[in-house]
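Observations on the model geometry
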Amino acid sequence: MTKLPDLTWTRSRDFRAAPFSATPVRPSEWTALAHALSAGHFTLLSLWAEEGAACMALHDADARRVAVARVDAATGAFPSVGVHHAPAQRLERAAADLFGLTPEGAADARPWLDHGRWGIRHPLGGASPDAAQPPYAFLPVEGDSLHQVPVGPVHAGIIEPGHFRFTAQGETVVRLEERLGYTHKGIDRLMRGASLARGAELAGRTSGDSTVAYSVAFAQAVEAALSVAVPRRAFALRGLMAELERLANHLGDIGGICNDAAFAMMLAQTGILRENVLRAAHAAFGHRFMRDRVVPGGVAVDLDAEGEAVIKALIADIRDRFPSLVELYDTTASLMDRTVGTGHVAPDLARRFGAGGYVGRASGRDFDTRRDLRYAPYDMLRLEVPVRHECDVNARVWIRIREVEHCCSLITQMLNALPTGPVLTEVAPVGEPRAGLGLVEGFRGDILAWLALDAEGRINRCHMRDPSWFQWPLLEAAIEGNIIADFPLCNKSFNCSYSGHDL
Amino acid sequence: MRRYLLEGLMRRPLTETAPLPDADAQDQLAAAFARTVRTKLGRSLAIRHVDAGSCNGCELELQALSNPFYDLERFGLHFVASPRHADVLTVTGPVTHNMAEALRRTYDAMPSPKWVIAIGDCAKCGGCFADSYAVAGGVDAVVPVDLHIPGCAPDPTALLKGMVALVERMGSGAEPN
Ligand code: SF4
C-alpha cells in the first residue's frame, strides 16, 4: 500500500489566524488516505469538489490538528474515498452532481442532490443541459412479509421536506432509506463570484436555526484567508450569540422530543424558556435569531448595558426554572419508557462517521470543536463537554440538558469578563488568491467552511459542511429494529438539518 | 408532574401575565382576530404548512405560534396534518425545483375554497436565492398566492397579523382560489 503523503497539518490556533493551503497529493496517496480514514487514524471533516480537483479535510484527533488534501481531477474523475470509507459516500455523490466529477470505483453512483429537475446538469462544472434521468432507484429489499412505507417529502408537522422510505416487517423497521436534496437552493453556485458581504448573507441562511454558527464559520474562513485581526470584544459577542443560539435550540429540542413521546407539557414549558431566549436575543442584538449580526471582521452590533442586563436576567430565570423541568423529565416513567433504549447508535458508528454534537456525544464520542480545535472566545473559558454511553434517545436528551446548563455557565463567564473596545475591523483584499478554513461548534455539531478567494477578495469557491452530513446516515442505523411509530422520536432526537445538508 | 398540573390550574395564563413589548397591539390583534374568524368561518381555520425549500428559519417562527405566549389555537386557528383538512396553505422558502411538484400536489389536494399565505422574504420572489438554477422563484411561481408576509424570518406577531389580514380580506369579497 502507498505510504501516507506528508500533509501540511495545522493546529487550531494557526489555521484560524493564517491562510490555509491544501496539500496536493497523487491519486495513490489519496487512496492511502482513504484507507487511513477507514482504519480510524483520522476523522473525515469533509469532502468536496473544486474546478478540476477534489479535496478532503481531515482531523487528527490525537494531535488536535487538521489538514486538507487535494487531488487533481482534470480528467473528470478522482479515486473514490466512499468505497473504503462510507461517510464520504454522500459527499462524493453531491460533488458528482454539482461538478460532474466521477468518484472512480464508488459503490453508489446514484445522484444525490440532483433530482433531474434543474434544467441543467453539473451546475458548477460543465453546466450541460439536462438529459432525462431514470427514476431514482431505491435500494432493493428482499425477504418475507416485508412492506414499504414511503413518507414525505411533505411531512405532517411544521418541518422541513425530505423523503423516508421504510421497509418494515410487521411494525419493526428493517431498513430506512433516506432521500434528501429537496431543499437544494444552489448555494455553492450563488457563492461563486460573490462579494464577501453577499457570501455572509448566504452563509447565514444555509440553515436558519444555526445562523450564528454558520456566520461565525464563514467569518473565520474569511479572517484566516485574509489574516484579519478581529477585536477581542467582537469574539466575546460572537460567543454570547453562539451560546444563546445553542440555548434556544436545545430548549426547543428537549420539549420537541418529549412532545413526540406524547408528553406535551414539556414542550409548553421549554417553549416558554425558548421564547424568552429569542426575546432576549432580540432585545440585546436586534434580531430573534441574531441573523446577519456576525460579519467578517467582527460583529455588526455592539451590546449595550441594557442588553447585558437582559441577558443576565434571562440566565437567572433559566437557572431558576430549568432544574424542575429536568426533574420532571427524570421522574416521568411513561416518558422514560419511550426514550430509554430507543434509537441506538453504536459508538463505533458514531466514531467512524465523526458524528458531531449530541449524536456523537451520546454515543461516547468525546469531541467538541470549542475544546478540541479551540477558537476565541472559548480559549479563555472553562468548558465542560458532557459525554454519555447509552447511545439512545434518552442519552441525547441528557446531553442537551447538560449543555443547557453549560451554556448558562459560559454566558455568565463571558458577561463577567467582557472586553471593551471596537467590535468591527476592516476586511480588505490582499491582492492575491487566498484560502481559509473555518470550524465552529454549532448546536448540532461541527460546521466546516472552506473558502477560496481571488485576488480581489471575491469568492471563488465556498464549501460549507453541515454536521447533518454525518448524522443523517446514522439515523438510518438508529431506527433499525425499532417500530415505525418511534421514528418521529428518533428523528427529533437527531434533529438533523435538511437545508444545511441540501445546500 | 402533579405540581406542574396544579400550577397550570392556579396560575393565570402566561399570555396575560407576561407583558409583551407591544402588549396593547397584541391584545387588539387577538380580539380582532377572534371576532373575524368567528364571523367568517364559524370557529376555526385549518392550516397546512409546506416548506418548499426554506432555510428552516421561517419554520421556527411558525412553530413558535403554538407556544404559550402566542397560543395560536385560542384564535381558532390550528395546523392540520393533511392538506385535505385544510382551508389555508402556508408556504415558506424560495420554491426549489426539487420541491415544486410536491407543493403543487399539496395545493391540489386541498378542497376549495382555499387560500395561500406565502411566508418570508424568500417566498416573495426567491429572496437571496432568486437567481439560482435550483430555484423556481417565489411561491406564486407555482401556486396562486393570496397574501405575503414579509420578514426574514417574520416574527410570530407578524405572522399573526398577516393571518388576521387574510381573514379580514376573506370577508371583503376577495375571491378564494
Ligand atoms: S425568509 Fe429568511 S428565514 Fe425565511 S426561509 Fe428565507 S432566509 Fe430563511
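Because the structure is predicted, anything quoted here is derived from the model rather than measured.

Thoughts on the overall build of chain A
Looking only at helices and strands, one finds 17 helices and 17 strands in chain A. Projected onto its principal axes, the C-alpha positions of chain A cover 65 × 60 × 45 Å. The contacts of chain A with a sequence gap of at least 6 include a subset with a gap of at least 24, amounting to 69%. Of the roughly 17,300 Å² of accessible surface on chain A, 51% is carried by carbon and sulfur atoms. In chain A, which carries 52 positive and 60 negative side-chain charges, the distance between the mean positions of the two groups comes to 2 Å.

Quick notes on the packing of helix 14 (residues 393-416) of chain A against helix 16 (residues 487-494) of chain A
When two helices pack together, you describe them by how their axes are tilted relative to each other and by the distance separating the axes. Residues and elements named next belong to chain A. Between helix 14 and helix 16, the least distance of the axes is 9 Å, while the angle of their chain directions is 30 degrees. The two elements helix 14 and helix 16 meet at a crossing, and its hand is left-handed. Side by side, helix 14 and helix 16 meet where Val 393, Arg 396 and Arg 400 of the first sit next to Leu 489, Cys 490, Lys 492, Ser 493 and Phe 494 of the second. A class-by-class count of the residues in the contact of helix 14 with helix 16 yields four nonpolar, one polar and three charged.

Quick word on the nonpolar core
Counting 182 residues, the largest nonpolar core has Trp30(A), Phe218(A), Leu247(A) and Phe322(A) as the members making the most contacts within it. Two domains each put at least three residues into this core: domain 1 (10-113) and domain 2 (210-464) of chain A. When sequence neighbours within four positions are dropped, the list of residues in contact with Leu247(A) reads Val277(A), Ile315(A), Ile318(A), Val404(A), Cys407(A), Cys408(A) and Ile411(A). Within the second largest apolar cluster, 21 residues are counted, among which are Tyr182(A), Ala52(B), Leu89(B) and Leu103(B).

Section: the site of the ligand
The environment of the ligand is formed by Arg205(A), Arg291(A), Ser54(B), Cys55(B), Gly57(B), Cys58(B), Gly120(B), Asp121(B), Cys122(B), Gly151(B), Cys152(B) and Ala153(B). Site remark: the ligand is flanked by residues from chains A and B. Of all the secondary-structure elements, those providing two or more residues to the shell around the ligand are helix 4 (57-64) and helix 6 (121-125) of chain B. For the shell around the ligand, the per-class residue count stands at five nonpolar, four polar and three charged.

Observations regarding the pairing of strand 11 (residues 163-169) of chain A
Working note: regular strand, side chains alternate between the two faces of the sheet. Residues and elements named next belong to chain A. By the criterion of burial, strand 11 is predominantly enclosed, with five of the seven residues buried. The pairing of strand 10 (residues 146-151) with strand 11 spans six bridges and is antiparallel. Opposite Val 149, over in strand 11, you have Phe 166 as the bridge partner. Pairing of strand 11 with strand 12 (residues 172-179) involves seven bridges; the strand directions are antiparallel. If you follow Phe 166 over to strand 12, its bridge partner there is Leu 176. Where strand 11 hands over to strand 12, the hairpin turn is made up of two residues, of which Gly 170 adopts a positive phi near 65 degrees.

A closer look at the side chain of Arg274(A)
Note that Arg274(A) resides in helix 8 (residues 264-285). Although Arg274(A) lies buried, it forms no salt bridge, and the closest oppositely charged side chain, Glu61(B), sits 5.4 Å away as judged by the N-O distance. Residues within four places of Arg274(A) in sequence aside, it is in contact with Ala248(A), Asn249(A), Leu251(A), Gly252(A), Phe289(A) and Leu60(B).

Some points on the pattern of salt bridges
Close approach of charged atoms allows side chains with opposite charge to pair. All names here are of chain A. In this structure the tally under the stated criterion is 40 salt bridges over all chains. For Asp 372, the salt bridge goes to Arg 64, with nearest N and O atoms at 3.3 Å. Within this pair, whereas Asp 372 is found in helix 13 (residues 369-372), its partner Arg 64 is found in the loop between strand 4 (53-60) and strand 5 (65-72), the two being separated by 308 residues in sequence. A relative accessible area of 8% places Asp 372 in the buried class.

Section: the interface of chain B and chain A
Taken together, the contacts link 47 residues of chain B with 56 residues of chain A. At the boundary of chain B with chain A, total buried surface from both sides reaches about 4,100 Å², with 60% on carbon and sulfur atoms. Where chain B packs against chain A, one counts two salt bridges. The shortest N-O distance in the salt bridge between Arg288(A) and Glu61(B) comes to 2.5 Å. Applying the counting criterion to the chain B and chain A interface returns 22 residue pairs in polar contact (both at pLDDT 80 or more). Mapped by element, the contributors of at least two residues to the side of chain B that touches chain A are helix 1 (2-10), strand 1 (45-51), helix 4 and helix 5 (97-109) of chain B. Class assignment of the residues belonging to the side of chain B that touches chain A gives a composition of 27 nonpolar, 12 polar and eight charged.

Observations regarding the sheet that holds strand 1 of chain B
All names here are of chain B. One open sheet accounts for five strands, arranged 2-1-3-5-7; its pairing is parallel. What marks the edges here is a single partner per strand, and that holds for strand 2 (77-79) and strand 7 (147-149). Put simply, the sheet's adjacent strands are angled 25 degrees from each other on average, direction ignored. Sheet topology places strand 3 (residues 88-92) next to strand 5 (residues 115-119); five bridges connect them, and they run parallel. Across the sheet, Leu 89 pairs through a bridge with Val 116, a residue of strand 5. Against the sheet, helix 5 touches strand 1, strand 3 and strand 5, its axis set at about 165 degrees to strand 1.

Remarks on the environment of Asp108(B)
Residue and element names in this part refer to chain B. With respect to the helices, strands and loops of the structure, Asp 108 is situated in helix 5. Asp 108 gets classed as partly exposed once you look at its relative accessible area, which sits at 47%. Taking the C-alpha atoms as reference, Asp 108 lies 9.2 Å from Arg 84; in sequence the two are 24 residues apart.

Remarks on the domain arrangement of chain A
Residues and elements named next belong to chain A. Each assigned domain of chain A is listed here: domain 1 (10-113) and domain 2 (210-464). Relative to domain 2, the C-alpha centre of domain 1 lies at a distance of 27 Å. With 27 residues of domain 1 at the interface, the matching set in domain 2 holds 26 residues. When the two sides are added together, the surface that domain 1 and domain 2 hide from each other amounts to roughly 2,100 Å², 62% of it contributed by carbon and sulfur.

About the criteria used
- Residues numbered from 1 in each chain as written.
- Chains lettered and ligands numbered in written order.
- Predicted model: local features only at pLDDT ≥ 70, side-chain atom pairs only at ≥ 80, totals over all residues.
- Heavy atoms only, no water.
- Helix = DSSP H or I, 4+ residues; strand = E, 2+ residues; numbered from the N terminus.
- Contact = heavy atoms within 4.5 Å.
- Areas by Shrake-Rupley, 256 points an atom, 1.4 Å probe, with all protein chains shown as cover.
- Lys, Arg positive; Asp, Glu negative; His and termini not counted.
- Charge placed at Lys NZ, Arg CZ, Asp CG, Glu CD.
- Axes fitted to C-alpha atoms, helices over the stretch in contact; angles between N-to-C directions.
- Left-handed = near helix turned anticlockwise from the far one by under 90°.
- Nonpolar A, V, L, I, M, F, W, Y, C, P; charged D, E, K, R; others polar.
- Core = buried A, V, L, I, M, F, W, Y, C linked by side-chain atoms within 4.5 Å.
- Buried < 20%, exposed > 50% of the residue type's maximum accessible area, 1.4 Å probe, protein only.
- Domains from an automatic or database assignment.
- Near = heavy atom within 4 Å.
- Pairing = 2+ DSSP bridges.
- Salt bridge = Lys/Arg side-chain N within 4 Å of Asp/Glu carboxyl O.
- Buried area = accessible area lost by both parts, 1.4 Å probe.
- Polar contact = N/O pair within 3.5 Å; in protein donor to acceptor, adjacent residues only side chain to side chain.

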